[in-house]
Every structure is written in structure tokens, then in C-alpha cells.
Amino acid sequence: MLYRVDERLIHGQVVIAWGHQLRPERYVIVDDHLAGSAWEQDLYRLGAGSADVVFATSDEARDALPEWRAAPVRTILLTRDVGSMCRLGESGALQGESVNLGGIHHGPDRAEALTYLHLTHEDMADLRALEAEGVEVTARDLPEAHGVTLATLLNADVG
Amino acid sequence: MSDAQGTVGIVVGHGGLSQGLIDAVRRIAGDAADCLTPLSNEDKGPDELRAELDRIVGDQKAVVFVDLRSGSCGMAAQACCRDSLVRVVVCGVNLPMLLDFVFSREVPLEELAPHLAETGRNAIASITGA
């Protein structure tokens, strides 16, 4: 199961680059807003090809995680921001897993950590907390790209 | 780039694709390409891309061409044109489709969009030496 933070959720980089390598049968989108927006769900489903797409709030996803992990279904779990991934990981729900930081564009209070990754101070604190709970955090936009550890990101001049 | 007389086209694509396609239209069709506006997703998040597209289209009658339906460009275009009677999305943009468009802007939108998709499909061919 790939856990990825990517503002664009299901889009070309995920479906084509990561999808070609991982051949996902299911996308799980953890997003409190999208979980209640049928028309936006339809848009994302169109982009997923034949793969199943599940939408869930952070709380719903945390409850369902053990079942998703146990099922023999190749899955990419996506959140659009760091905060959603951290809420999912509350109470050690993501302990032992790896989280991929895939893409967050520039925006208010965000500083560039990598060309494809812009983080707020709150994001950085959330990521530290995730790692402290036993989650490996690595930035990598494409499968063949060099992974950047959280330690390296934290040492970068962000903000 | 806007033109109140006919439907305008906005080409939304990854990287420099949209500008490149419009440059190619201009080389072939000249000033007819003025009705086309490029929009790249480069350095834009989903909300920013959608807002920029919405601003460019404004209240004009528009065809929004996108490269990948399932990409961020396609998502932004579909969200921007949702429930609109004067905005349509055509996915899988290619040069023949755009060339057809710049000379077909007076065709009613409900006929124009499927016609352009058909033009794009018909331009794709596999040619072998056998």
C-alpha cells in the first residue's frame, strides 16, 4: 500500500507514473470534504481507469485501515495535504508504514522545501510528529526520483 | 485573446504543451490562432489552476481543450465547466482538432464539441509499411 500526500490526488503523475509501477486496483482518497461531495468524487473516478476509488473521512479511514491493509488489493491511499495524513495517523494508526510526499504547490504561508513540495511550519511539525510515531516520511514525486528523507527536509531552509 | 464574436478556445496542458500547440496553430493558420489562449499547470495547485481557468474564460462561450482527462488539467477543466451551458471540455487535444476549431467557431457549442472530438480521433492513425 502506498501512502501519498499529493495536492492533486488522482492525476497524471499518480495514475501514469506510479500506476504503471504499482498497478493499483484501488485508490483510497482520505479527505473530509471530498467524502461528502458526490460530483467531485465522480470527477476523480473518471481519472482512475478501471481501479476502484474509495472516499473516506480521516476518521472513517483510520477505522478501515486494518481491513484495507489485510485485503490482497494493491492500493494507493492519497491525501491532499499533510494535515489529513496526520489525522489518519493519529494513535499510531500508520506506525511502521512509509508516507510519500508527492506534491504540494506554493501557497499562503508555504515555503519551498523541494521544487514540488511546499510546506508550512505546521506541516513540518505534523511530519515530525508522524515520524516520532514510527512512520517513515520521504519526499519523492516520481517512482524513479531520488527520495528525500524528512531529516533532509527539516535541515533545508524552509520558511 | 478573447473574441466576443465567436467561441474562444483555452488550451490547458502540462508544462509547455499548450503554448507549443498554439504556436503550431499560428504557424499553419496565422492570426486565426488569436482565439486560443494557453494555460499551463506548471507551478499551479488544483485550486489555483481552476481559478485561473475560470478567470480566463469569464463569461465567454468557450471550448476548454485539455491534454489528459485524468490529469490535473482535466480535473480543473471539468470542475470549471460543470453545469455550464456556455463552456465545454474536449479532452485529448491535438493539432488537427485545434486547426478545425479556429475555423469552426460559429458552429453551435453543442455540435462543435463532439465534432472536434471526432476530428481529433480521425487524425490518429497507425501506418505500417506492409
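Before any of the text, the structure's been laid out above.
Our subject in this report is the structure included herewith. Computed from a predicted structure; not experimentally measured. (Residues numbered from 1 in each chain as written. Chains lettered and ligands numbered in written order. Predicted model: local features only at pLDDT ≥ 70, side-chain atom pairs only at ≥ 80, totals over all residues. Heavy atoms only, no water.)

### Concerning the interface of chain A and chain B
Across the contact, 13 residues belong to chain A and 15 residues belong to chain B. When chain A packs against chain B, close to 1300 Å² is buried across both sides, 65% of that on carbon and sulfur atoms. The largest contributions to the chain A side of the interface with chain B come from A:Trp39, A:Leu43 and A:His105, which together make up 39% of the buried area. Connecting chain A to chain B are zero salt bridges. Counting residues per element, the ones that place at least two in the side of chain A that touches chain B are helix 1 (12-22) and helix 2 (38-46) of chain A. For the side of chain A that touches chain B, the element with the most residues is helix 2 of chain A, which contributes four residues. In terms of residue class, the side of chain A that touches chain B is built from six nonpolar, five polar and two charged. (Contact = heavy atoms within 4.5 Å. Buried area = accessible area lost by both parts, 1.4 Å probe. Salt bridge = Lys/Arg side-chain N within 4 Å of Asp/Glu carboxyl O. Helix = DSSP H or I, 4+ residues; strand = E, 2+ residues; numbered from the N terminus. Nonpolar A, V, L, I, M, F, W, Y, C, P; charged D, E, K, R; others polar.)

### Let's talk about the pattern of salt bridges
Residues and elements named next belong to chain A. Applying the stated criterion to the full structure yields 14 salt bridges over all chains. Across the pair Arg8 and Asp6 runs a salt bridge, and its minimum N-O distance is 3.0 Å. Under the relative-accessibility criterion, Asp6 is labelled buried at 0%. Where salt bridges share partners, they join Arg4, Asp6 and Arg8 into one cluster. (Buried < 20%, exposed > 50% of the residue type's maximum accessible area, 1.4 Å probe, protein only.)

### Looking at the sheet that holds strand 3 (residues 62-66) of chain B
Consider a sheet: its strands pair through backbone hydrogen bonds, and that pairing is either parallel or antiparallel. Residues and elements named next belong to chain B. The four strands lie next to each other as 2-1-3-4, forming an open sheet whose pairing is parallel. In this open sheet, the two edge strands, each paired with only one partner strand, are strand 2 (36-40) and strand 4 (87-91). The mean angle between the axes of side-by-side strands here comes to 20°, regardless of whether they run parallel or antiparallel. The strands touched by helix 3 (residues 72-81) within the sheet are strand 1 (8-13), strand 3 and strand 4, with strand 4 carrying the most contacts at an inclination of about 160°. (Pairing = 2+ DSSP bridges. Axes fitted to C-alpha atoms, helices over the stretch in contact; angles between N-to-C directions.)

### Looking at helix 3 (residues 58-70) of chain A
Residue and element names in this part refer to chain A. Given a rise of 1.5 Å per residue, 13 residues ought to cover 18 Å, and the 19 Å separating the end C-alpha atoms of helix 3 matches this to within 8%. The axis of helix 3 is deflected most strongly, by about 50°, at Ala64, and proline Pro66 appears within four residues downstream. Three or more residues of helix 3 are buried, namely Ser58, Ala61, Arg62, Ala64, Leu65 and Trp68. In this fold, the buried residues of helix 3 make contact with strand 1 (2-6), strand 2 (26-30), strand 3 (52-56), strand 4 (75-79) and helix 4 (82-88). (Expected span 1.5 Å × (residues − 1). Bend = angle between axes of the 7 residues up to and from the residue.)

### Thoughts on the sheet that holds strand 1 of chain A
Residue and element names in this part refer to chain A. Strand order in the open sheet made by the seven strands is 3-2-4-1-5-8-9, with mixed pairing throughout. Each edge of the open sheet carries a strand with a single partner, namely strand 3 and strand 9 (148-149). As paired elements, strand 1 and strand 5 (residues 98-103) share four bridges and run parallel to each other. From the neighbouring strand, Arg4 faces strand 5, where its bridge partner is Asn100.

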